[in-house]
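A structural walkthrough
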Amino acid sequence: MAKPKVHLTAREREVVRCVIKGRTNREIAVELGLTEQAIKNVLSATYGKCHVRNRLELALFAMTSDILSRS
C-alpha cells in the first residue's frame, strides 16, 4: 500500500529530524531558538499531516517514507 503524499514545511522537517535523534521538546526548542509551546504546535500539525498519534509513530513514518527529502 502506497504511503500518502505528505508535504511538510522546512520547520516541520527540522523538528522531525530532531525527534528522530531522540531530542525532547525542550532540547528541540533550545536548538532551534523557539519556545517549547512552538515545538508542541509544530509537532501537533505534523502529526495531523502524517496521520500519526505520537513521536514514535512520527519517527517510524519519517524513516520509512521520503518526507524529509521533500521541499
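Structure shown above.
Since we're looking at a predicted model, the values are computed, not measured.

1. As for a nonpolar patch on the surface
On the surface, a nonpolar cluster with roughly 390 Å² of combined accessible area is contributed by Ile 20, Leu 56, Leu 60 and Met 63. If you tally residues by element for the nonpolar patch, the top one is helix H4 (residues 55-64), at three residues. Looking at the element boundaries, Leu 56 is found in helix H4.

2. Some points on the packing of helix H3 (residues 36-50) against H4
Contact geometry of H3 with H4 gives a least axis separation of 10 Å together with a crossing angle of 55°. On the basis of their axis angle, the class for H3 and H4 is oblique. Here H3 runs over H4; the crossing is left-handed. Between H3 and H4, the residues in contact are Leu 43, Thr 46, Tyr 47 and Cys 50 and Arg 55, Leu 58 and Phe 61, respectively. Residue composition of the contact of H3 with H4, by class: five nonpolar, one polar and one charged.

3. Comments concerning H3
Since one α-helical turn is 3.6 residues long, residues separated by three or four positions face the same way. Helix length check: H3, at 15 residues, gives a terminal C-alpha distance of 21 Å against a target of 21 Å (1.5 Å per residue), a fit within 8%. Within H3 the residues assigned to the buried category are Ile 39, Val 42, Leu 43, Thr 46, Tyr 47 and Cys 50. Taken down its axis, H3 places every buried residue within 140° of arc, on the same side. Against the buried residues of H3 lie helix H1 (10-20), helix H2 (25-32) and H4. In the segment just after H3, His 51 is the residue with positive phi, at about 60°.

What counts and how
Residues numbered from 1 in each chain as written. Predicted model: local features only at pLDDT ≥ 70, side-chain atom pairs only at ≥ 80, totals over all residues. Heavy atoms only, no water. Patch = residues over 30% accessible without salt bridge, like charges linked within 9 Å, V, L, I, M, F, W, Y side chains within 5 Å. Areas by Shrake-Rupley, 256 points an atom, 1.4 Å probe, with all protein chains shown as cover. Salt bridge = Lys/Arg side-chain N within 4 Å of Asp/Glu carboxyl O. Helix = DSSP H or I, 4+ residues; strand = E, 2+ residues; numbered from the N terminus. Axes fitted to C-alpha atoms, helices over the stretch in contact; angles between N-to-C directions. Parallel < 35°, antiparallel > 145°, perpendicular 65-115°, else oblique. Left-handed = near helix turned anticlockwise from the far one by under 90°. Contact = heavy atoms within 4.5 Å. Nonpolar A, V, L, I, M, F, W, Y, C, P; charged D, E, K, R; others polar. Expected span 1.5 Å × (residues − 1). Buried < 20%, exposed > 50% of the residue type's maximum accessible area, 1.4 Å probe, protein only. Arc of directions from axis to C-beta.

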